[in-house]
Amino acid sequence: MGFRNVKIEGSRKLRIENQQLVIEGGPDIKIPLEDINSIMIENQMVMVSAYMLQKFADLGIALYVCNEKHLPNGVLLPIAKHSRHYKLLKCQIEIKKPLQKRLWQQIVVQKVRNQSLCLNLSGREGEDGLQKMCKEIQSGDKTHVEAKAAAFYFRHLFGSEFSRNDEHIVNGALNYGYAIVRGIIARSIVCYGLEPAIGLFHRSELNSYNLADDFIEPFRPVVDLFVASKFDMSQKSVALTPELKRGLYGIVNFEMKIKGEKRILSNCIDGMVASYSSVLQGKCDILNLPELIQLQVHSYE
């Protein structure tokens with residue numbers, strides 16, 4: 001899998017030449033396809049070719065496109081790259097309810113743990129309260145601790161007046177970052193032969209990415225931690241600048257821990273998705289889930 005995440009902001013033309021992405025519209029920039037993890041096209045004047053889209057799908061490169069407000073609103077994913085797609089599809093459909101509920105419990109527990117770590121790493125109070133809530137989460141989270149923890153968490157992270165429903169730069173930044181991570185998760189789900197529409201907790205018939213919306217939960221705090229380090233509640237009139245968007249897109253280069261080891265975000269996502277595939281096939285019953293650490297860009301030796 002590649003390691004470069006490329007953001008196209010200007011009016012450019014993209015093409016493939018000798019297994020490299022060529023970015024025209026100034027001095028040509030060439031990037032080997034094998035090095036690319038994801039690409040975001042923010043400018044609606046960018047020109048692409050069908051051949052380029054085909055190559056991205058073949059290589060599992062996530063391609064994001066943005067709407068007129070420069071917010072991510074779509075991602076190109078490969079179709080059934082995995083050789084055992086039908087086998088895994090049957091496993092997803094036939095998963096037993098008790099196992100489904102236990103897996104969702106694991107996800108919610110780790111999400112709340114990471115929220116607790118986020119408060120600690122950002123110097124906010126409330127860590128102990130969230131740690132206590134972790135112990136109250138039951139199979140399937142039938143008492144809705146996740147929602148209670150979220151209300152408690154965001155008040156402590158961004159202030160008592162903060163609401164996720166507000167028109168505020170903080171919410172805009174959070175949504176931008178979540179969209180990036182969600183796209184990488186959806187790409188990984190497809191590459192591992194799973195169907196992203198079949199979720200554990202999220203089961204909407206109108207959502208093609210229910211499973212991605214399940215798996216993103218323990219990864220959200222890495223976006224929250226970044227946003228908390230860049231914004232405060234007094235910045236209501238500030239817009240998301242190109243520089244800030246580049247920073248949010250760069251979240252995919254941060255590290256988290258999985259199985260006790262530091263890994264780049266995309267590797268942690270792959271590890272979680274791979275463990276779910278193993279659970280479905282009866283090889284284990286525990287997901288490998290990410291642990292939040294201080295923001296640190298992954299370095300390649």
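Residue numbers run consecutively from 1 along every chain, following the written order of its sequence. Since the coordinates come from a predicted model, pLDDT governs what is reported: local features require at least 70, and pairs of side-chain atoms require 80 or more to be given and counted, while whole-chain, interface and lining totals use all residues. Only hydrogens and water are removed before side-chain values are computed, so all heavy atoms of the structure are retained for them.

For helix α5 (residues 145-158), built from 14 residues, the straight-helix expectation of 20 Å at 1.5 Å per residue is met to within 8% by its first-to-last C-alpha distance of 20 Å. Exposure classes here rest on a 1.4 Å probe applied to the protein chains alone. A residue is buried below 20% of its type maximum, exposed above 50%, and partly exposed in between. Working definition: helices are DSSP H or I runs of at least four residues, strands are E runs of at least two. Numbering for both runs from the N terminus. Buried within α5 are the following residues: Val145, Glu146, Ala149, Ala150, Phe152, Tyr153, Phe154, Leu157 and Phe158. Where α5 is buried, its residues touch α3 (97-121), α4 (127-134), α6 (169-191) and α8 (220-230). Glycine 159 lies just past α5 and shows a positive phi near 110°. By this rule the span expected of a helix is its residue count minus one, scaled by 1.5 Å. Residue contacts are defined here by distance: any two heavy atoms, one from each residue, within 4.5 Å place the two residues in contact.

For the rest of this paragraph, the subject is the side chain of serine 122. In this structure, serine 122 sits in the loop between α3 and α4. Within the structure, the side chain of serine 122 is placed 2.7 Å from the backbone oxygen of cysteine 118, a separation counted as a polar contact. Polar contacts involving the side chain of serine 122 include one to the main-chain carbonyl oxygen of leucine 119, which spans 3.3 Å. For serine 122, the contacting residues outside a window of four places in its chain are Leu157 and Leu225. Polar contacts, as used here, are pairs of N or O atoms within 3.5 Å; protein pairs need one atom able to donate a hydrogen and one able to accept it. Residues neighboring in sequence count only if both atoms are side-chain atoms.

Moving on: the nonpolar core. Looking at soluble globular proteins, one finds that nonpolar side chains tend to be buried together. If you look at the biggest cluster of nonpolar residues, it comprises 75 residues, and the most contacted ones within it are Phe215 and Tyr276. Looking at this core element by element, the count peaks at 13 residues for α6. Tyrosine 276 has contacts with Ile95, Leu103, Leu194, Leu200, Leu211, Phe215 and Leu287, leaving out every residue within four places of it along the chain. Each nonpolar core is a collection of buried residues, namely Ala, Val, Leu, Ile, Met, Phe, Trp, Tyr and Cys, held together in the definition by side-chain atoms within 4.5 Å.

As for its position among the elements, leucine 244 is in helix α9 (residues 242-249). Spatially, the C-alpha atom of leucine 244 lies 42 Å from that of lysine 87, the residues being 157 residues apart in sequence. Apart from residues no more than four positions distant in its own chain, leucine 244 is found in contact with Phe231 and Ala239.

To continue, consider the pattern of salt bridges. Proximity of charged atoms lets side chains of opposite charge pair with each other. We define a salt bridge as a contact between a side-chain nitrogen of Lys or Arg and a carboxyl oxygen of Asp or Glu at a distance within 4 Å. With the rule as written, the count across this model stands at 13 salt bridges. Note that lysine 111 is salt-bridged to glutamate 146, the shortest N-O span being 2.9 Å. Taken together, the residues span a long stretch of sequence, with lysine 111 in helix α3 and glutamate 146 in helix α5 at a distance of 35 residues. Assigned by exposure class, lysine 111 and glutamate 146 land together as buried. Among the charged side chains, a salt-bridge network with shared partners connects Lys7, Glu9, Glu42, Lys245 and Arg246.

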